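Coordinate inspection notes
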Amino acid sequence: MTLLQAATSIREPDARRPEVMERRGWWLVLLGFALPGSAQVLAGNRRLGRIGIAATLALVALLALGAILWFASRSALLTLVGNSIGLLVVEVLLIAYAVLWLVLGLDTLRLTRLRKVRGRARAAIAAVALLATIAPAALAGYGASVVDASRDLVSNLFDFARPVVEPVDGRYTFLLLGGDAGDDREGRRADSMTVVTVNAETGAATMIGVPRNLRNAPFSEGSPMWGPWPDGLDCSSSDCYLNGTYTYGEAHPELYPNAEANGSTPGIEATRDAVEGVTGLEIQFFVLVDMSGFEKLVDALGGLELEVTERVPIAIEGGPVEEWIEPGTQRMDGYHALWYARSRAGTSDYARMERQRQVQEALIREFTPQTLLTKYTELSAAGQDMVQTDIPQAMIGGLSELALETRRLPITNLELVPPQVNTGDPDYDAIHAMVAAALAEADAVAPPTGEPAESPEP
C-alpha cells in the first residue's frame, strides 16, 4: 500500500472491511507518535492537528538550537537556562507539551474506532496507542518535575540580584566552609575551611586546606576586623583560633551591617577576611555547607562507601563513646558518614581533615548520571537545607562551563598543616609564598586547548 492509498483509507475508511479498519488504526497510531498532530490533520480536527504539528516542530527547533549552543557556546546556553526565569520557561514548555501530547494521543485513540476493529488487533492497537501516549507524556512530566526542583534550588540558593563578578588576577576564588553546630559546640562555627581558586581561562584549580586552629590570623587595613584586631587575632583564648572569627563576627554584627542584604552573615564575612589574610588571596564567593544538611544529602544518595583505616569513635569530645566505626570498607548512611567526618574525640584536627577529604571524594563519586536521574528531587531538597552561598545566578552558566574544564585537569592540593606550618605561631609571609607556588604549579599543568592534561610532577 502506498502512502497515498494509506492516507485515503484513513480519511475515507470502509467500515465494512475489518482489515481496512485495522490498517487504519495502526497508521493513525504510528503517524500520531512519529509526528503528533498528523493523525488529526488526516482524520480528525485539523485545527488541533496543526497546533500539534507546529508545537512539535517548535520543540524540535529548540532542541536543535540547544544542541548547537552546547557545542558552539555552552556558557551562553547554561546562562540562558541556568537561572530561575530560564528554568521556569523550560518547565512551562514541558508541562504544556505533556498536556498537548496526552490530548493528541487520546484523540488519536478515539479516531482509530476500535469498536470496528476485530480480534486481537483491537487490544494490540489500544495497548500501543496508550503506551505511545502515556510514556512520552510521563517522561515530559518527569522532566518538568526535575526542572521544578532545579528552579527551587537555584532560586533559594543563588543570588538573583547580585551582578556578575569579574575574576581577580585571572582567578575565581571560593571559600568553602563546613558549618557545625553539634552537641559539643557552642553555636555554629566554621568547622572546616577550604579555599578553592580556579584559573578563569584554563580551569586549573588549587585547593588550600586551612586548619581551624591557626592563630594570629592577620587582617588588611580595610577590613572591619582591623579595628578590634590590628595586630591579627592575637589573644590566648581558644576563641582566637581562626574559626573563632565566625563566632566573633556573629557577636558583633555592627562590623558588617550589609552582610545579610548581600546573602551572607557577619560571621561568614569575618571568616572571609581572616582567610584572605591567611592566604593572601581575595575571596569573591563563599559556600557554607551545614553538616546537618550533609546527613540528609548522604541519605538521599543512598549512603557513601568509605575505606576506614582505623577505629573512629562516635562521641563528643570528653563524652562517652556511643559506637565505634570499625576499620574496613563501609557503606555508611548519613549519620555515620557525618560522624566519620566530624569526630575529633581522641584524634587530631589533621586526621579529621584527612577523613573529611575522604568523605568529599566519596561524595563526588556518588554523583553519577544514574543517581541524578533517579534521585534528583531528593538531592535538590537536601541541597537547599545544606548549602548557603553568595554566587550570583547570572554566573551559573559561566562557572558551570569552567567547572567542566576543571574536571579535565588534576587538582593541586596544599595543606597548611604541620610540619610545613606552625599553627600556633604561623609565618604568614611563608604561607603566602607557599600559596603562590601552589598556584604556579596548578597553572603549569594546564594543557593547551583540546589537549589532555599531564599529571604534575610529584
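Residues numbered from 1 in each chain as written. Predicted model: local features only at pLDDT ≥ 70, side-chain atom pairs only at ≥ 80, totals over all residues. Heavy atoms only, no water.

Examining the packing of helix H8 (residues 244–251) against helix H9 (residues 266–279)
One way to put it is that H8 packs onto H9 with a least axis distance of 7 Å and a crossing angle of 135°. Relative to H9, the element H8 is oriented oblique. For H8 against H9, the interelement crossing comes out right-handed. Across the interface between the two elements, Thr 245, Tyr 246, Gly 249 and Glu 250 from H8 touch Pro 266, Gly 267, Ile 268, Ala 270, Thr 271 and Ala 274 from H9. Considered class by class, the residues forming the contact of H8 with H9 number five nonpolar, four polar and one charged. (Axes fitted to C-alpha atoms, helices over the stretch in contact; angles between N-to-C directions. Helix = DSSP H or I, 4+ residues; strand = E, 2+ residues; numbered from the N terminus. Parallel < 35°, antiparallel > 145°, perpendicular 65-115°, else oblique. Left-handed = near helix turned anticlockwise from the far one by under 90°. Contact = heavy atoms within 4.5 Å. Nonpolar A, V, L, I, M, F, W, Y, C, P; charged D, E, K, R; others polar.)

A look at the pairing of strand E5 (residues 304–308)
Along E5, the buried face is formed by Leu 304, Leu 306 and Val 308; none of Glu 305 and Glu 307, which line the opposite face, is buried. Of the pairings in the sheet, the one linking E5 to strand E8 (residues 328–332) comprises five bridges and is antiparallel in character. Residue Glu 305 lies in a different strand from E8, and its bridge partner there is Arg 331. (Buried < 20%, exposed > 50% of the residue type's maximum accessible area, 1.4 Å probe, protein only. Pairing = 2+ DSSP bridges.)

A closer look at helix H4 (residues 46–72)
Structurally, the α-helix is built with 3.6 residues per turn, so residues lying three or four positions apart point the same way. Between its first and last C-alpha, H4 extends 38 Å over 27 residues, near the 39 Å set by a 1.5 Å rise per residue. Within H4, burial applies to Gly 49, Gly 52, Thr 56, Gly 66 and Leu 69. The inward-facing, buried residues of H4 abut helix H3 (38–43), helix H5 (74–81) and helix H6 (84–111). Measuring from the side-chain oxygen of the N-cap residue of H4 to the backbone nitrogen of Arg 47 gives 3.0 Å; that N-cap residue is Asn 45. (Expected span 1.5 Å × (residues − 1). Polar contact = N/O pair within 3.5 Å; in protein donor to acceptor, adjacent residues only side chain to side chain.)

Quick look at a negative patch on the surface
There is a patch of like negative charges on the surface, built from Asp 299, Glu 322, Glu 323 and Asp 333. Overall, Asp 299 belongs to the partly exposed group, its relative accessible area being 41%. (Patch = residues over 30% accessible without salt bridge, like charges linked within 9 Å, V, L, I, M, F, W, Y side chains within 5 Å. Areas by Shrake-Rupley, 256 points an atom, 1.4 Å probe, with all protein chains shown as cover. Salt bridge = Lys/Arg side-chain N within 4 Å of Asp/Glu carboxyl O. Lys, Arg positive; Asp, Glu negative; His and termini not counted. Charge placed at Lys NZ, Arg CZ, Asp CG, Glu CD.)

Quick look at the side chain of Thr 279
Its place among the elements puts Thr 279 in helix H9. Here Val 275 takes part through its backbone oxygen, which lies 2.9 Å from a polar atom of the side chain of Thr 279. At 3.3 Å, the side chain of Thr 279 forms a polar contact with the backbone nitrogen of Leu 281. Ignoring any residue separated from it by four or fewer positions in sequence, one finds Thr 279 in contact with Val 195, Val 210, His 432 and Val 435.

Section: the environment of Leu 301
As for its position among the elements, Leu 301 is in helix H10 (residues 291–301). For the pair Leu 301 and Gly 334, spaced 33 residues apart in sequence, the C-alpha separation works out to 9.1 Å.

A few points about the nonpolar core
Burial of nonpolar side chains together is a common tendency in soluble globular proteins. Judged by nonpolar contacts, the single largest core of 34 residues is most densely connected at Val 195, Ile 208, Val 210, Leu 242, Val 278 and Leu 416. At the level of secondary structure, the elements contributing two or more residues to this core comprise strand E1 (171–180), strand E2 (189–199), strand E3 (205–210), H9, strand E4 (285–290) and helix H15 (428–444). Contact partners of Val 210, with chain neighbours within four places excluded, come to Met 193, Val 195, Leu 242, Val 278, Thr 279 and Leu 416. With 24 residues, the next largest nonpolar core counts Leu 301, Ile 325, Leu 338 and Ala 341 among its residues. (Core = buried A, V, L, I, M, F, W, Y, C linked by side-chain atoms within 4.5 Å.)

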